[in-house]
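Reading the structure
What follows is each chain in one-letter form.
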Number of protein chains: 2
Amino acid sequence: MRDHPHGMDIAILIFDKITALDAVGPYEVLSRLPGATVTFVAAEPGQYRTENGMLALTADRAFAEMPRQDVIVVPGGFGTRALLRDEPTLNWIREANHRTMVTASVCTGSLLLGAAGLLHGRKATTHWLLLDKLREFGAEPVSERIVEDGKLLMAAGVSAGIDMALALAARLAGQQVAEAIQLGIEYDPQPPFKCGSTKTARPEIVELVRARSDQFA
Amino acid sequence: MRDHPHGMDIAILIFDKITALDAVGPYEVLSRLPGATVTFVAAEPGQYRTENGMLALTADRAFAEMPRQDVIVVPGGFGTRALLRDEPTLNWIREANHRTMVTASVCTGSLLLGAAGLLHGRKATTHWLLLDKLREFGAEPVSERIVEDGKLLMAAGVSAGIDMALALAARLAGQQVAEAIQLGIEYDPQPPFKCGSTKTARPEIVELVRARSDQFA
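Summary of the structure given here. Predicted model only: the values in this text are computed from it and were never measured. (Residues numbered from 1 in each chain as written. Chains lettered and ligands numbered in written order. Predicted model: local features only at pLDDT ≥ 70, side-chain atom pairs only at ≥ 80, totals over all residues. Heavy atoms only, no water.)

1. Overview of the interface of chain A and chain B
Between chain A and chain B, the contact holds 70 residues from the first and 70 residues from the second. Around 6,200 Å² of area is buried between chain A and chain B when both sides are counted, 60% of it from carbon and sulfur atoms. A per-residue breakdown of the area chain A buries against chain B is headed by M54, L183 and E186 of chain A, which together make up 13% of the total. The interface formed by chain A and chain B holds four salt bridges in total. Here chain A and chain B share 40 residue pairs in polar contact (both at pLDDT 80 or more) between them. Every element with two or more residues in the side of chain A that touches chain B is listed here: α1 (20–30), β2 (37–42), β3 (46–49), β4 (56–59), α5 (160–173), α6 (175–184), α7 (203–211) and α8 (213–216) of chain A. Here the side of chain A that touches chain B takes nine residues from α6 of chain A, the largest share from any one element. A per-class count over the side of chain A that touches chain B returns 37 nonpolar, 21 polar and 12 charged. (Contact = heavy atoms within 4.5 Å. Buried area = accessible area lost by both parts, 1.4 Å probe. Salt bridge = Lys/Arg side-chain N within 4 Å of Asp/Glu carboxyl O. Polar contact = N/O pair within 3.5 Å; in protein donor to acceptor, adjacent residues only side chain to side chain. Helix = DSSP H or I, 4+ residues; strand = E, 2+ residues; numbered from the N terminus. Nonpolar A, V, L, I, M, F, W, Y, C, P; charged D, E, K, R; others polar.)

2. A look at the packing of helix α5 (residues 160–173) of chain B against helix α6 (residues 175–184) of chain B
All names here are of chain B. At a minimum axis distance of 7 Å, the contact between α5 and α6 shows a crossing angle of 145°. Handedness of the α5/α6 crossing: right-handed. Residues L166, A169, A170 and A173 of α5 lie in contact with α6, whose contacting residues are Q175, V177, A178, I181 and Q182. Its residues assigned to classes, the contact of α5 with α6 comprises seven nonpolar, two polar and no charged. (Axes fitted to C-alpha atoms, helices over the stretch in contact; angles between N-to-C directions. Left-handed = near helix turned anticlockwise from the far one by under 90°.)

3. Some words on the nonpolar core
One finds L33 and W92 of chain A together with L33 and W92 of chain B to be the most contacted residues of the largest nonpolar core, which totals 175 residues. Setting aside anything within four residues of it in sequence, one finds W92 of chain A in contact with A11, L13, V41, F63, M66, Q69 and I72 of chain A. (Core = buried A, V, L, I, M, F, W, Y, C linked by side-chain atoms within 4.5 Å. Buried < 20%, exposed > 50% of the residue type's maximum accessible area, 1.4 Å probe, protein only.)

4. Looking at the sheet that holds strand β11 (residues 152–155) of chain A
Residue and element names in this part refer to chain A. Taken in spatial order, the seven strands line up as β5-β2-β1-β6-β7-β11-β10 in an open sheet, and their pairing is mixed. Of all strands in the sheet, those bounded by a partner on one side alone are β5 (61–62) and β10 (146–149). The pairing of strand β1 (residues 9–13) with β2 spans five bridges and is classified as parallel. Pairing of A11 across the sheet is with T39, part of β2. Against the sheet, α1 contacts β1, β2, β6 (71–74) and β7 (102–106), and its axis sits at roughly 160° relative to β2. (Pairing = 2+ DSSP bridges.)

5. Let's talk about the relation of the copies chain A and chain B
Here chain A sits on chain B after a turn of 180° about the axis and a move of 0.0 Å along it, with an RMSD of 0.0 Å. Taken together, these values place the two copies in the relation of a two-fold axis. Residue L57 of chain A of chain A places its C-alpha closer to the rotation axis than any other residue of that unit, at 2.6 Å. A high fraction, 100%, of the interface residues of chain A reappear at the interface in chain B, so the copies pair face to face through one surface. (Least-squares fit on C-alpha atoms with pLDDT ≥ 70 in both.)

6. Considering the environment of N91 of chain B
All names here are of chain B. Tracing the chain through its elements places N91 in helix α3 (residues 87–99). Judged by relative accessible area, which is 34%, N91 ranks as partly exposed. Separated by 25 residues in sequence, N91 and A116 have C-alpha atoms that sit 7.0 Å apart.

7. Regarding the environment of M154 of chain A
Residues and elements named next belong to chain A. With respect to the element layout, M154 can be found in strand β11. In this structure, the C-alpha to C-alpha distance between M154 and T200, residues 46 residues apart in sequence, is 21 Å. Residues in contact with M154, not counting those within four places in the same chain, are S105, S110, L113, L119, K123, A124, T125, R145, I146 and V147.

8. Some remarks on the packing of α7 of chain A against α6 of chain B
The geometry of α7 of chain A relative to α6 of chain B is characterised by a closest axis approach of 9 Å and an angle of 70° between their N-to-C directions. Between α7 of chain A and α6 of chain B, the crossing angle belongs to the class labelled roughly perpendicular. When the axes of α7 of chain A and α6 of chain B are compared, the crossing they make is right-handed. Contacts between α7 of chain A and α6 of chain B involve E204, I205, V206, L208 and V209 of chain A from the first element and Q176, E179, A180, L183 and G184 of chain B from the second. (Parallel < 35°, antiparallel > 145°, perpendicular 65-115°, else oblique.)

9. Some details on the packing of aromatic side chains
All names here are of chain A. Inspection of the entire model under this criterion finds four aromatic pairs over all chains. Judged by centre distance (5.8 Å) and plane angle (50°), the rings of Y27 and F40 are tilted. Highlighted residues: Y27 in helix α1 and F40 in strand β2, separated in sequence by 13 residues. Take Y27 and F40: they sit in the same class, and that class is buried. (Phe/Tyr/Trp six-rings, centres within 6.5 Å; stacked < 30°, edge-to-face > 60°.)

This is the structure:
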């Protein structure tokens, strides 16, 4: 894919009750690919609010205006629940996927890939709280930060979209460009706690998040 | 500060040519503090676009509507250049800072703290490409991911705002809540390359980013 870094056409799905970082992490990486255009797309252009209502992101284009992309990114958030039976959204994912080089998701965005019928017999991942739900779409849940199967590229919860997008940048434009982007966004993470996955978090923290999953996931 | 996690009033500054992740990283963490309200504020309410024009974030409130916050977060981006002499913005930062418990910045947002006169004689940090510029405001540049001086809390470039916000969440609401938020956003970073700071990046990558600093910083 390294011969196509220029003119790369990337679409990120936007919807009501989106998790903002799911979309903005990949945007911050992929928009820095030389020659790439990132377009935020929704059923209709306009402002869409995050699950808590505190932030509005703007979709500039409607599905109908975006018939062909090199890459699509499907973010997650509470809003995915309402979209699991939303034919315009699932149709757009299905149709776009026919033409993409890479179809990507972050967090519960992969449930939409599943609802669109793309995950049957595939390995897949999502936010750790929802991993089992992937089976409903015929997928094999994998508890890893980034899962790849064919041209599908899926990230675990929320912040994993940054790691996924950097890996994707390397595939699309080569490692040197991806390293430059990583240094440009100074992605040298130093999390204050060792608790970012269920493998490292204290059991009481896992239980706390599980109990308040309507608030944290 | 742990007795004030509820009703916490947090404002994040928005402006033209902002770096989206500078604002959305801290938002994604701080909006999950129990009882906290995060408000996006600008000179005037409305949509403001990132430096590349590809994403619009909405400011819901004007400076005049936001006289008192517990925490303000000043993100960075190219747009900070134009704001270094913008009195409405600098005045808001100055006035808000009189009443905050914590005044925070991400990336080149600290240059606005400097222009507002808050950094004289202080330790400070910013994106690695702009560290030296902090001296113009009487600050002592420190090449660390998070720098604290009094109630000022400053993050290095772009993605460092996530680490900073988690540290801030622990201060505001205790470590257990901060750990739950970190697990909730599955912040278990696994960057594909070891190049997120000038200490770890290959010299040719540092030079590449420096040469294209108008594109990467």
